[in-house]
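Okay, here's what each chain looks like letter by letter:
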Amino acid sequence: GTVALLFQPAEEGGGGAKKMVEAGAVENIEVMFGLHVADSVPIGVLASRPGPIMAGSGFFEAVISGKGGHAALPHHTIDPILAASNVIVSLQQLVSREADPLDSQVVTVGKFQGGGAFNVIPDSVTIGGTFRAFMKESFNQLKQRIEEVIVTQASVQRCSAVVDFLDKDKPFFPPTINNPELHDFFAKVCSEMVGPNNVREKQPLMGAEDFSFYTEAVPKTYYYFVGMLNETRGPQAPHHSPYFTINEDALPYGAAMQASLAARYLLEHQPATAAKVEPRDEL
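In this report, the structure presented in the accompanying data block is examined. Only a predicted model underlies this, so the values are computations on that prediction, with no experimental measurement involved. (Residues numbered from 1 in each chain as written. Predicted model: local features only at pLDDT ≥ 70, side-chain atom pairs only at ≥ 80, totals over all residues. Heavy atoms only, no water.)

1. Some details on the environment of serine 260
No. 1: Structurally, serine 260 can be placed in helix α6 (residues 251–268).
No. 2: Taking relative accessible area as the criterion, serine 260 reaches 25% and is therefore assigned partly exposed.
No. 3: Each C-alpha atom of the pair serine 260 and glutamate 192 lies 9.9 Å from the other, and the pair is 68 residues apart in sequence.
No. 4: Residues within four places of serine 260 in sequence aside, it is in contact with Val189 and Met193. (Helix = DSSP H or I, 4+ residues; strand = E, 2+ residues; numbered from the N terminus. Buried < 20%, exposed > 50% of the residue type's maximum accessible area, 1.4 Å probe, protein only. Contact = heavy atoms within 4.5 Å.)

2. Brief notes about the layout of surface pockets
No. 1: Within this model, the second largest pocket holds a volume of roughly 510 Å³.
No. 2: Along its surface, the second largest pocket is lined by 23 residues, and Glu12, Met54, Gly207, Ala208 and His240 are the ones closest to its centre.
No. 3: No other element matches strand β1 (residues 31–42), which puts 5 residues into the lining of the second largest pocket.
No. 4: A per-class count over the lining of the second largest pocket returns 9 nonpolar, 7 polar and 7 charged. (1 Å grid on protein atoms, 1.4 Å probe; cavity = no way out; pocket = protein on both sides within 12 Å on 5 of 7 lines; lining within 4 Å. Points joined across faces, edges and corners; volume = space filled by probe spheres on them. Nonpolar A, V, L, I, M, F, W, Y, C, P; charged D, E, K, R; others polar.)

3. Topic: the side chain of aspartate 39
No. 1: Following the sequence through the fold, aspartate 39 ends up in strand β1.
No. 2: Here aspartate 39 is buried and forms no salt bridge, its nearest opposite-charge partner lysine 202 lying at an N-O distance of 7.1 Å.
No. 3: Of the polar contacts made by the side chain of aspartate 39, one reaches the backbone nitrogen of histidine 239; its length is 2.9 Å.
No. 4: Those residues in contact with aspartate 39 that lie beyond four places of it in its chain are Met228, Leu229, Gln236, Ala237, Pro238, His239 and Phe244. (Lys, Arg positive; Asp, Glu negative; His and termini not counted. Salt bridge = Lys/Arg side-chain N within 4 Å of Asp/Glu carboxyl O. Polar contact = N/O pair within 3.5 Å; in protein donor to acceptor, adjacent residues only side chain to side chain.)

4. Comments concerning the sheet that holds strand β2 (residues 46–48)
No. 1: Taken together, the 4 strands give an open sheet; going across it, the order is β1-β12-β2-β11, and neighbouring strands pair in mixed fashion. The sheet is open, and its two borders are formed by β1 and β11 (199–201), each paired with just one other strand. Going across the sheet, the axis of each strand differs from the next one's by a mean of 30°, ignoring polarity.
No. 2: As judged from the 2 bridges shared by β2 and strand β12 (residues 220–229), these two strands associate in the antiparallel manner. What sits directly across from alanine 47, in β12, is phenylalanine 225.
No. 3: Contacting β1, β2, β11 and β12, helix α4 (residues 180–194) runs over the sheet at an angle of about 35° to β12.
No. 4: Here α6 sits on the sheet in contact with β1, β2 and β12, set at roughly 155° to β12. (Pairing = 2+ DSSP bridges. Axes fitted to C-alpha atoms, helices over the stretch in contact; angles between N-to-C directions.)

5. Focus on the pattern of salt bridges
No. 1: Inspection of the entire model under this criterion finds 9 salt bridges.
No. 2: For glutamate 61, the salt bridge goes to lysine 111, with nearest N and O atoms at 2.5 Å. Of this pair, glutamate 61 sits in strand β4 (residues 56–65) while lysine 111 sits in strand β6 (residues 105–113), placing them 50 residues apart in sequence.
No. 3: For lysine 111, a relative accessible area of 28% corresponds to the partly exposed category.
No. 4: Among the salt bridges present, the one from glutamate 181 reaches lysine 220, with a minimum N-O distance of 2.9 Å. Taken together, the residues span a long stretch of sequence, with glutamate 181 in helix α4 and lysine 220 in strand β12 at a distance of 39 residues.
No. 5: Because the salt bridges share partners, they merge into one network encompassing Lys188, Glu192, Arg264 and Glu268.

Rendered as structure tokens:
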């Protein structure tokens, strides 16, 4: 058996895993384990679940164009700010009125740029946001409906709209889905290493993870979380906060778990005859 360690760039937004797959880094890999620290899980605890654990995600940006003019003469303008406001309200209805309540989805507009003066209606407005789903069908449906809603709702206000999903620079992340068979294996190895009371079920997260590209390229994959919360250290800021600090006491747990998973899996799945393996760069 062979163990390959991946040192991957651009995990946050850049889709580095996709580049690794395209470069052949996971060719001939049968099973893959990945991990992430968790700020809300206690130190010494490992958490995961079978099936979907992280959502698929994409981004969008739209330029809504009208006709600018003086705010005191709105009848001489075509107001893109009003159009963009109606677009945002309508986008929120995609989840609340079109999605199955049991199929978690998110559409969030986090960017609104338009105008620079109190008394001037601008020529155009730019909005942007993100959309998330656990199922590919739901994700693709959201993408289609986001464009339809933006373009048609803008036209109601006599504006035009151009939508860009930015997938050249920010590739769509698929959902991260854990292999059920590997979940049973993970729970067994975990229990032996940290004790059954320190193995927890992790609720699915609407955050995205580019480990998902490996799940599409490797036959069996599994992603889990390593707890790092220690309240005696004081308040723990969440991930992506400018006040976040890593609790390095969590690192040995992650390293030991990765080593244990690899060693146990190889031990339990030894082939009858060793296959020829192409040499890899030495560490």
